[in-house]
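Observations on the model geometry
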Amino acid sequence: MIVVMKHTATEQDIEATAKNIEALGLKAVKIQGTERTVIAAVGEERVAGISSLESCPGVDEVLPIVAPYKLASRELKPEPTTSITGSLVCGNGTVGVIAGPCSIESEEQLMSTARAVKKSGASAIRGGAFKPRTSPYSFQGMKEEGLKLLAQARQETGLAVVTEVVSPDDVELVAEYADVLQIGARNMQNYRLLEAVGKSTRTALLKRGPSATINEWLLAAEYILDGGNQNVILCERGIRTFESHTRFTLPLATVPYVQQKTHLPIIVDPSHGTGHTHLVPAMSRASIAAGADGIIVEVHPNPDKALSDGYQSLTFQQFEETMQSCRTIAEAMQRQLGTF
Ligand code: PEP
Ligand code: MN
């Protein structure tokens, strides 16, 4: 349910209403809108006494939230949320650009990439330190050593750090170094991981599972929001279909659809979404044209030698050219790329 407070409601009215909601066994989440405050009453909605909230001082109306995801829904918060994490801004006219290698492989590889992507106008550096690999025999990442390199890259370039966390036990460690905790496609329905990230103060980047519906994906985001972490960015990274020419199928209609359903910002991953370097520039531009709040792109100093996902990574030069054409598209959409 949404408890909509009157314009004239006082701070005491809001506090008292929140207490009444909690007395009904529901969780009260206050959302300060530009016009007025609403309080989400989250939990089992058929509890007796919910309509009694209508008579609380300062309450205008009590409305149901029809969507299964409550805190993520536009019904609760009609204005889009802008995610701001240091240099990375997604939303409100800014298209965030997260770029970097699939996996961190060495100091030289990460630092040279961080410098190059910053020069081309990226807003954040990405790089996997803990890698979820399909085969147990593939490179699993540099782990904490990789996290330290990411912190060094932030120190030198000022770029926010985005990196994946694969297990609830690692959230604390990864959050020591990272600004944004990426939840990978394979872990989208790892509910214990979602809960752990929900308790973190770091921004969450939630990738769509390759076979998850949009409802399942938004309910996964709901776990993080329900845990208390309000800074969640969604990422469309392609789904599995019968088509085998691309690694996954990248459905860009997801962007305007999701923007109708949720206030959360949504970015697109054209690297995993296509699995081919030569398709990444066009799909980066298309993502921005579709209204995405950002893109996340794999970039490597020498893709042929990459320990993971080299076939879908851009060289520094290709990234520079992609950024130039993306800037033109962003401007045509009355948006700007990055923050620098
Ligand atoms: C990645 O970003 O390198 C990655 C493993 O992504 P996904 O979870 O989307 O496959
Ligand atoms: Mn990758």
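Residue positions are given per chain, counted from 1 along the sequence in the order it is written. Chains carry letters and ligands carry numbers; both start at the beginning, A for chains and 1 for ligands, and go up in the order they are written. Note on the predicted model: pLDDT of at least 70 is required for a residue's local features to be given, and 80 or more for side-chain atom pairs to be given and counted; whole-chain, interface and lining totals, by contrast, use all residues. Based on all heavy atoms of the structure, the side-chain values leave hydrogens and waters out of the count.

1. A closer look at unusual backbone geometry
To keep things clear, this is the line we draw: Where helices and strands are cited, they refer to DSSP runs of H or I of at least four residues and of E of at least two residues respectively, numbered from the N terminus. Residue burial is assigned from relative accessible area. The probe radius is 1.4 Å, only protein chains are included, and a residue is buried under 20% of its type maximum, exposed over 50%, and partly exposed in between.
Even without glycine at this site, Asn92 takes up a positive phi of about 55°. Take Asn92: it is sitting in the loop between β6 (88-90) and β7 (94-100). Accessibility expressed as a relative area gives 70% for Asn92, which makes it exposed. Look at Asp309: it is not a glycine, yet its phi comes out positive at around 55°. Within the secondary structure, Asp309 is located in the loop between β14 (294-298) and α10 (316-332).

2. Side note on the coordination of the manganese ion (ligand 2)
As a reminder of what qualifies: Note: metal donors comprise N, O and S atoms at 2.8 Å or less from the metal (3.2 Å for Na, K and Ca); water molecules are not included, so apparent gaps in a site are possible.
For the manganese ion (ligand 2), the full set of protein donor atoms is Cys102 (SG), His272 (NE2), Glu298 (OE) and Asp309 (OD), and the range of their distances to it is 2.0 to 2.4 Å. Written as a sequence motif, the donor residues of the manganese ion (ligand 2) are C-x169-H-x25-E-x10-D. Placement of Cys102 in the loop between β7 and α2 (107-119) and of Glu298 in strand β14 is noted, with a sequence separation of 196 residues between them. Residue classification places Cys102 among the buried positions, given a relative accessible area of 4%.

3. Structural notes on the confidence of the model for the protein
Selection rule: pLDDT expresses, on a scale from 0 to 100, how confident the predictor is about each individual residue.
Counting all residues, the mean pLDDT for the protein is 95, and 99% of those residues have values of 70 or more. Summarising per-element confidence for the protein, the mean pLDDT is lowest in strand β2 (residues 27-32) (90) and highest in strand β12 (residues 232-236) (99).

4. A word on the sheet that holds strand β4 (residues 59-63)
Heads up, the rule is: Pairing between two strands requires that DSSP report at least two bridges joining them. Axis lines are fitted through C-alpha atoms, for helices just across the contact stretch, and the angle between N-to-C directions can take any value from 0 to 180 degrees.
Spatially, β2-β3-β1-β4 is the arrangement adopted by the four strands of the open sheet, whose pairing is antiparallel. The strands lining the two open edges of the sheet, one partner per strand, are β2 and β4. Put simply, the sheet's adjacent strands are angled 20° from each other on average, direction ignored. In this structure, β2 lies alongside strand β3 (residues 37-42), joined through six bridges in antiparallel fashion. Bridge pairing in β3 places Gln32 opposite Thr37.

5. Some details on the packing of helix α6 (residues 214-226) against helix α7 (residues 254-261)
Quick note on the threshold: Small angles under 35 degrees read as roughly parallel and large ones over 145 as roughly antiparallel, with 65 to 115 read as roughly perpendicular and the rest as oblique. In this scheme the handedness of a crossing depends on how the near helix is turned from the far one: anticlockwise by less than a right angle means left-handed, clockwise means right-handed. The contact criterion used is simple: two residues touch if any of their non-hydrogen atoms lie within 4.5 Å. Under the grouping applied here, Gly and all other residues not named as nonpolar or charged are polar, the nonpolar ones being Ala, Val, Leu, Ile, Met, Phe, Trp, Tyr, Cys and Pro and the charged ones Asp, Glu, Lys and Arg.
It is the contact of α6 with α7, at a shortest axis distance of 12 Å, that shows an interaxial angle of 50°. Relative to α7, α6 is oriented oblique. Note on packing geometry: the crossing formed by α6 with α7 is right-handed. Residues Ile214, Trp217 and Leu218 of α6 pack against Thr254, Tyr257, Val258 and Lys261 of α7. Of the residues in the contact of α6 with α7, the class split is five nonpolar, one polar and one charged.

6. Details of the nonpolar core
Here is the rule: Buried Ala, Val, Leu, Ile, Met, Phe, Trp, Tyr and Cys residues form a nonpolar core when they are joined through side-chain atoms within 4.5 Å.
Judged by nonpolar contacts, the single largest core of 76 residues is most densely connected at Val197, Leu206, Leu234 and Phe319. With seven residues, α6 is the single largest residue contributor to this core. Those residues in contact with Leu206 that lie beyond four places of it in its chain are Ile183, Met188, Leu194, Trp217, Ala220, Ala221, Ile224, Ile233, Leu234 and Cys235. Ala9, Ile14, Ile39 and Leu53 belong to the second-largest nonpolar core, a separate cluster that totals 16 residues.

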